[in-house]
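Take a look at the letters that make up each chain.
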Amino acid sequence: METSSFVTSLTTSFLIFVGLVILHSIFSRLRRNEVIYYPAKKIKNVPLPHYKPGHFAWLREAWSATEEEIIKNAGLDAAIYMTFLGSGN
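Residues numbered from 1 in each chain as written. Predicted model: local features only at pLDDT ≥ 70, side-chain atom pairs only at ≥ 80, totals over all residues. Heavy atoms only, no water.

Can you help me understand the overall build of the protein chain in this one?
Scanning the protein chain for helices and strands turns up 6 helices and 0 strands. Listed by position from the N terminus, the elements making up the protein chain come as α-α-α-α-α-α. Considering the protein chain as a whole, with its 89 residues, one finds that 16% of them fall into the buried category. Partitioning the contacts of the protein chain with sequence separation of at least 6, the portion at a separation of at least 24 is 25%. Total accessible area on the protein chain stands at roughly 7300 Å², and carbon and sulfur atoms take up 67% of it. (Helix = DSSP H or I, 4+ residues; strand = E, 2+ residues; numbered from the N terminus. Buried < 20%, exposed > 50% of the residue type's maximum accessible area, 1.4 Å probe, protein only. Contact = heavy atoms within 4.5 Å. Areas by Shrake-Rupley, 256 points an atom, 1.4 Å probe, with all protein chains shown as cover.)

Listed below in structure tokens is the structure:
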């Protein structure tokens, strides 16, 4: 395998990834998409999350959340997953 084809493939994949993350960040903040991104919270009438400014602020919040906050907001499966990844406090 040639190095140039590998770098081209890696660059293309990374640019698509960045584009999709930005689209997700934009669309998940629109009120009309709450049903798509937060269906369980809409059904239970739980207040939806309030975002801090910035497209990637959710990363800091996700990595700094306590296990109790994760269980309360996302459920036990998410808490186990985050603990498995090594980010659980």
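There is more to say, and it comes next.
So what exactly am I meant to see when it comes to helix 1 (residues 3-29) here?
Between its first and last C-alpha atoms helix 1 spans 39 Å; for 27 residues at 1.5 Å apiece the expected length is 39 Å, and the two agree. Here the buried face of helix 1 lies against helix 2 (34-37). (Expected span 1.5 Å × (residues − 1).)

Sorry, what's going on with a nonpolar patch on the surface here?
A grouping of Ile16, Leu20, Ile22, Leu23, Ile26, Phe27, Ile36 and Tyr37 is seen on the molecular surface, where their side chains present a nonpolar patch of about 720 Å² in accessible area. For the nonpolar patch, the secondary-structure elements that each account for two or more residues are helix 1 and helix 2. When residues in the nonpolar patch are grouped by element, the largest group, 6 residues, is from helix 1. When you line up the elements, Ile16 lands in helix 1. (Patch = residues over 30% accessible without salt bridge, like charges linked within 9 Å, V, L, I, M, F, W, Y side chains within 5 Å. Salt bridge = Lys/Arg side-chain N within 4 Å of Asp/Glu carboxyl O.)

Looking at this structure, how should I read the environment of Met82?
Relative to the helices and strands, Met82 is located in helix 6 (residues 76-85). Overall, Met82 belongs to the buried group, its relative accessible area being 15%. Along the backbone, Met82 and Glu67 are 15 residues apart, and their C-alpha atoms lie at a distance of 8.3 Å.

Please explain the packing of helix 5 (residues 67-74) against helix 6 as it appears in this structure.
Helix-helix packing: each pair is described by the crossing angle between the helix axes and the interaxial distance. Interhelical geometry of helix 5 versus helix 6 gives an angle of 140° and a closest axis separation of 7 Å. Crossing hand, helix 5 versus helix 6: right-handed. Residues Glu67, Ile70, Ile71 and Ala74 of helix 5 form the contact with helix 6, whose own contacting residues are Leu76, Ala78, Ala79, Met82 and Thr83. Here the contact of helix 5 with helix 6 is built from residues that sort into 7 nonpolar, 1 polar and 1 charged. (Axes fitted to C-alpha atoms, helices over the stretch in contact; angles between N-to-C directions. Left-handed = near helix turned anticlockwise from the far one by under 90°. Nonpolar A, V, L, I, M, F, W, Y, C, P; charged D, E, K, R; others polar.)

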